[in-house]
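# Observations on the model geometry
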Amino acid sequence: MSTEPEPAYKPQLNPEDKPSHFRTACIILATCTLLAGAGVHFSGLGGRLLGGADTNASPAADSEQQRIGVQMSLIAPEKAAQALASSGYSEKEQADILAGVKRRDLRLVAMPIFDATGTGGTVSVVCGTTHRTVALQPTPTVLILPITIAGNVDILPVSDPGVTGIGAGVVTLFGPQPLPVMHQGESLGLTVIAQ
C-alpha cells in the first residue's frame, strides 16, 4: 500500500489580507512628495524669501536669510575700464574697483534689472560697499557690480511700494527672472554668481 503524502498546507488569504496596490501607490506618492519638499527646501526656493530690512542686523542674521541664487554674465577684465566708465560710479570708485579687478580680488558682472510687475518704483541695489539707486522700467537698466566669484546683493525699496509692492526682475544667463514682490519694510537678498 502506497500512501501519497499530504500536500503542504497553504493558508488561503482573505480578501482583506491581500496586498493592496492602492496602499503601495499611496506610500510611493507620499515618499515622492516628501522628497520633492525636501528638494525645494534645500534649494532655497521654499519658505519666505524676503526678510525685514533691519539696519541693526548682524552678519550672522544676514547669513540666515534665504537668498536667491542668480547667474550673471561676467565682464572680461580687459573690458572692465570701458564698462566702469559708463557705470555711473565716481572716479575714485572706478579706480578702486579697477584695482581690485587687476589684483583679481573682484570681478565685474552685468546685472540688468527691470520692472517685472508694471507697478514701477525705485530700488537701491547694495553690493558690498557700493550701492546704486535705480528707477525700475519695463526695459532693463544694466548695473555693473563688483563681486568676488559669488557675491551678496541686496535690493531695497526706496520709493513707497504701496499695497501692490515693488516687483523687480533681473535678466540672468538663462533669461528674464521675476523676483518676489517686496512690500514695506522688506528687502530681497540675492547671491550673484559670475559666469
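Residues numbered from 1 in each chain as written. Predicted model: local features only at pLDDT ≥ 70, side-chain atom pairs only at ≥ 80, totals over all residues. Heavy atoms only, no water.

### Notes on the side chain of S124
Mapping S124 onto the fold places it in strand 4 (residues 122-127). In contact with S124, not counting residues within four places along its chain, are H131, R132, T133, D154, I155, L156 and V158. (Helix = DSSP H or I, 4+ residues; strand = E, 2+ residues; numbered from the N terminus. Contact = heavy atoms within 4.5 Å.)

### Focus: the pattern of salt bridges
This model, assessed by the stated rule, comprises 3 salt bridges. In this structure, the salt-bridge partner of R67 is D154, at a minimum N-O distance of 2.7 Å. One end of the pair, R67, is in the loop between helix 2 (59-64) and strand 2 (68-75); the other, D154, is in strand 7 (residues 150-157), with 87 residues separating them in the sequence. Assessed through its relative accessible area of 21%, D154 is described here as partly exposed. Linking D105 and R103 is a salt bridge whose minimum nitrogen-to-oxygen distance equals 2.8 Å. According to the relative accessible area criterion, R103 is exposed, its value standing at 54%. (Salt bridge = Lys/Arg side-chain N within 4 Å of Asp/Glu carboxyl O. Buried < 20%, exposed > 50% of the residue type's maximum accessible area, 1.4 Å probe, protein only.)

### So, the packing of aromatic side chains
In this structure the tally under the stated criterion is 0 aromatic pairs. Directly above the ring of Y89 sits R132, whose terminal nitrogen or CZ lies 4.8 Å from the centroid. (Phe/Tyr/Trp six-rings, centres within 6.5 Å; stacked < 30°, edge-to-face > 60°. Lys NZ or Arg CZ within 6 Å of the ring centre and 35° of its normal.)

### So, helix 4 (residues 91-102)
Between its terminal C-alpha atoms helix 4 stretches 16 Å, which fits the 16 Å expected from 12 residues at 1.5 Å a residue. For helix 4, the complete set of buried residues consists of Q94, I97, G100 and V101. Around the axis of helix 4, the buried residues are gathered within 130° of arc, so they sit on the same side. Turned more than 90 degrees away from the buried face of helix 4 sit E91, K92 and K102, all of them exposed. R104 lies just past helix 4 and shows a positive phi near 70°. (Expected span 1.5 Å × (residues − 1). Arc of directions from axis to C-beta.)

### So, unusual backbone geometry
The backbone of R104 shows a phi angle near 70°, a positive value even though the residue is not glycine. Examined against the element boundaries, R104 turns out to sit in the loop between helix 4 and strand 3 (107-115).

### Topic: the confidence of the model for the protein chain
Residues at a pLDDT of 70 or more form 73% of the protein chain, whose mean pLDDT is 77. Predicted confidence for residues 40-64 stays below pLDDT 50, and this span has 32 contacts to residues more than four positions away or in other chains. (pLDDT = per-residue confidence, 0-100.)

### What to know about the side chain of S87
For S87, the position within the fold is in the loop between helix 3 (80-85) and helix 4. Reaching out from S87, the side chain makes a polar contact with the backbone oxygen of L84 at a distance of 2.6 Å. Beyond its immediate sequence surroundings of up to four residues, S87 is in contact with R132 and I144. (Polar contact = N/O pair within 3.5 Å; in protein donor to acceptor, adjacent residues only side chain to side chain.)

### A few points about the pairing of strand 4
One ladder, built from 6 bridges, connects strand 4 with strand 5 (residues 130-135); its direction is antiparallel. Residue pairing across strands places C127 opposite T130, the latter belonging to strand 5. (Pairing = 2+ DSSP bridges.)

### Topic: the nonpolar core
If you look at the biggest cluster of nonpolar residues, it comprises 35 residues, and the most contacted ones within it are M111, I113 and L190. In terms of residue count, strand 3 provides more of this core than any other element does, 5 residues in total. Those residues within four positions of I113 in sequence are excluded, and the remaining contacts are V123, V125, V134, L136, T139, P140, T141, L143, I155, A168, G169 and V170. (Core = buried A, V, L, I, M, F, W, Y, C linked by side-chain atoms within 4.5 Å.)

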